[in-house]
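The lines below spell out each chain.
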Amino acid sequence: MDSNITNSMISSTRREPVNPPVKPGDIVELAITDLNHEGEGVARVGGFAIFIPGALPGELARVKVETVKKNYGRGLALDILSPSPDRLSPACGVFQRCGGCQLQHLSYTRQLEFKRERVVEALERIGRLAGIKVEPTIGMEEPWRYRNKAQYPVGLRQGGPGKAGLIGGFFEKGTHVIVPCENCLIHHPLAGRVLNETLRLAETFGLDAYDEKTGSGFLRHVLVKIGFATGETMVVLVVNGRSFPRGREFGEALHQAVPQIQSVIQNINQERTNVILGSHSRVLWGKDHIIDMLGHFRFRISAESFYQVNPAQTETLYRKAVEFAGLSGREVVADLYCGIGTITLLLAEEAREVYGIEVVPAAISDARANARMNQITNARFMEGDTAAVLSRLMRDQGIRFDVVVMDPPKSGCEGRVLDLLIAARVERIVYVSCNPASLARDLARLAGGGYSVEHVQPVDMFPQTYHVETVALLRVGDNAARR
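Thresholds, definitions, all that
- Residues numbered from 1 in each chain as written.
- Predicted model: local features only at pLDDT ≥ 70, side-chain atom pairs only at ≥ 80, totals over all residues.
- Heavy atoms only, no water.
- Pairing = 2+ DSSP bridges.
- Helix = DSSP H or I, 4+ residues; strand = E, 2+ residues; numbered from the N terminus.
- Axes fitted to C-alpha atoms, helices over the stretch in contact; angles between N-to-C directions.
- Contact = heavy atoms within 4.5 Å.
- Disulfide = S-S within 2.5 Å.
- Buried < 20%, exposed > 50% of the residue type's maximum accessible area, 1.4 Å probe, protein only.
- Parallel < 35°, antiparallel > 145°, perpendicular 65-115°, else oblique.
- Left-handed = near helix turned anticlockwise from the far one by under 90°.
- Nonpolar A, V, L, I, M, F, W, Y, C, P; charged D, E, K, R; others polar.
- Phe/Tyr/Trp six-rings, centres within 6.5 Å; stacked < 30°, edge-to-face > 60°.
- Lys NZ or Arg CZ within 6 Å of the ring centre and 35° of its normal.

J.: I would appreciate a short explanation of the sheet that holds strand β19 (residues 403-406) in the present structure.
T.: Strand order in the open sheet made by the seven strands is β18-β17-β16-β19-β20-β22-β21, with mixed pairing throughout. A strand with exactly one partner marks an edge of an open sheet, and here the two such strands are β18 (379-383) and β21 (451-459). On average, each strand axis in the sheet is inclined to that of its neighbour by 15°, with strand direction left out of account. Where strand β16 (residues 332-336) and strand β17 (residues 353-358) come together, five bridges link them in parallel fashion. Bridge pairing in β17 places V332 opposite E353. Sheet strands touched by helix α9 (residues 415-424): β16, β19, β20 (428-433) and β21. Its angle to β19, the strand with the most contacts, is close to 165°. Strands β19, β20, β21 and β22 (469-476) of the sheet are contacted by helix α10 (residues 436-448), whose axis makes an angle of about 165° with β20.

Shown next, in the form of structure tokens:
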């Protein structure tokens, strides 16, 4: 396509063309103007958006159009004709195939800026919250080797015999094709070693790989959890079966191969599902948990309980949440979606009393053990549906919370919980989120209920990816954020 025609088409501001101006198979030169929320390059032909993985703003790219929908298309960058000054050579050899990282080709400074822009854009477009100051993203000095958890799907090497040739790695983006990766650069170095030894032993013990197409086979995933501060390591073997032949022997052999392994767990998942963990686990060898530390606190971590994957940035994030809570030692605090009690114990040092609420039984068990282990006596943990427990505490028991801290799942906070907080006019709410879209939606609901959004701080928990963690402070009053 002639570049003058291309630039003319891009400059158009039409958002909904009557007919897509390109078709699959077209090869066009496009100017990349932006990144979408998943870190893909965005070009426009007229008002028609084309998403191009691996392309960066400011670049001119030769693109093959692969798919065309009603309002957008997707393309493959064949050549970068004019590279961005922010472009880097990816450090990982499987970056182009693996779906784990999306931004290794973008300078880290620009990654941090992009993540702040994601939060700003979500607040303005989804939340319709104007004039909210979003601070620069807090990054890492060394944005590599930060993950304490790895989840490897297991499959068969192409052409491998029925019970040999096992591979583990990560799914190629948009597929369930496993890309072998034994040395992921964002994981703790020990994780790859554990994977290799697990697969070697699995072949020795005659364990076959699960086939999601047929629902047959045994070993589905290898999940590795590593305590950065303690070195203690847990291996969770997700299997399609209730029994594990020679399971204790397998676990002991893993420990002999990698002495840092203190716990080998069988997790049973016999469902035809993409969900990794099943609902039941049992110890094959060693302990049912490992120990790690955040600051001066020790935390017990079990197979099914949630624990943030980046310990260095977790401490930064949680300290910011405690700072936003503004505690003086007199407050009664609720920590919603408390997990194993990481934020709860930090809050308990500064508050009169803290109630942690969590629906996952294993997490509550760990949280109570963590409070005892750290000699925290002013934290109470309650298992159950968040809205139901919160309602019981506030309405039935008459507890008035001065501050509520919440760290909900990616989908965000249930509307019933937000409505309870609005009705109770809790003075301060600290909202920790891993999803700018659900954060913006929930902040808008709280703003409509009389809260002002006072501070928003992004934290880079996931370098080299498009994900961003955010902590926001809201205060009840008459100066609600404009909508």
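J.: Help me out: how do you make sense of the sheet that holds strand β13 (residues 280-286) in this one?
T.: One key point about sheets: their strands pair by backbone hydrogen bonds, in either a parallel or an antiparallel sense. The strand order across the open sheet built from seven strands is β9-β8-β7-β10-β11-β12-β13, with neighbouring strands paired in mixed fashion. At either margin of the open sheet sits one strand with a lone partner, and together these are β9 (178-180) and β13. This sheet shows a mean twist of 35° between the axes of neighbouring strands, independent of strand direction. Where strand β11 (residues 233-239) lies against strand β12 (residues 261-268), seven bridges are found, and the strand directions are parallel. Considered in β12, the bridge of V235 is made with V264. With respect to the sheet, helix α3 (residues 189-204) is in contact with β7 (149-156), β8 (166-171), β10 (219-226), β11 and β12, its orientation differing from that of β10 by roughly 145°. The sheet contacts of helix α4 (residues 247-257) involve β11, β12 and β13, and relative to β13 the element is tilted by about 60°.

J.: Explanation requested: the state of the cysteines in the structure shown.
T.: Working definition: the covalent bond between the sulfur atoms of two cysteines is a disulfide. Taken as a whole, this structure holds zero disulfides when the rule is applied. Here C98 is not disulfide-linked; the sulfur of C181 is the nearest cysteine sulfur, at 5.8 Å. For C98, a relative accessible area of 14% corresponds to the buried category. C413 supplies the cysteine sulfur nearest to C338, a cysteine that is in no disulfide, at a spacing of 14 Å. The class for C338 is buried, based on a relative accessible area of 5%.

J.: Looking at this structure, how should I read the packing of α9 against α10?
T.: Taken N-terminus to C-terminus, the directions of α9 and α10 make an angle of 30°; their axes are 10 Å apart at the nearest point. With respect to each other, α9 and α10 are oriented roughly parallel. Crossing hand, α9 versus α10: right-handed. For the pair formed by α9 and α10, the contact residues are G415, L418, D419 and I422 on the first element and D442, R445 and L446 on the second. Looking at side-chain class alone, the contact of α9 with α10 contains three nonpolar, one polar and three charged residues.

J.: Sorry, what's going on with the packing of aromatic side chains here?
T.: Describing an aromatic ring pair means giving the distance of the ring centres and the angle of the ring planes. The final tally for this structure, using the stated rule, is seven aromatic pairs. On the numbers, 5.3 Å between centres and 40° between planes, the contact of Y152 with F170 is tilted. Linking Y152 in strand β7 with F170 in strand β8, this pair joins segments that are 18 residues apart in sequence. Considered together, Y152 and F170 belong to a single accessibility category, that of buried residues. Ring geometry for F297 versus F299: centroids 6.2 Å apart, planes at 50°, classification tilted. One aromatic cluster is present, formed by F205, F218, F244 and F250 through successive ring pairs. Over the ring of Y210 we find R220; its NZ or CZ atom is 4.0 Å from the centre of that ring.

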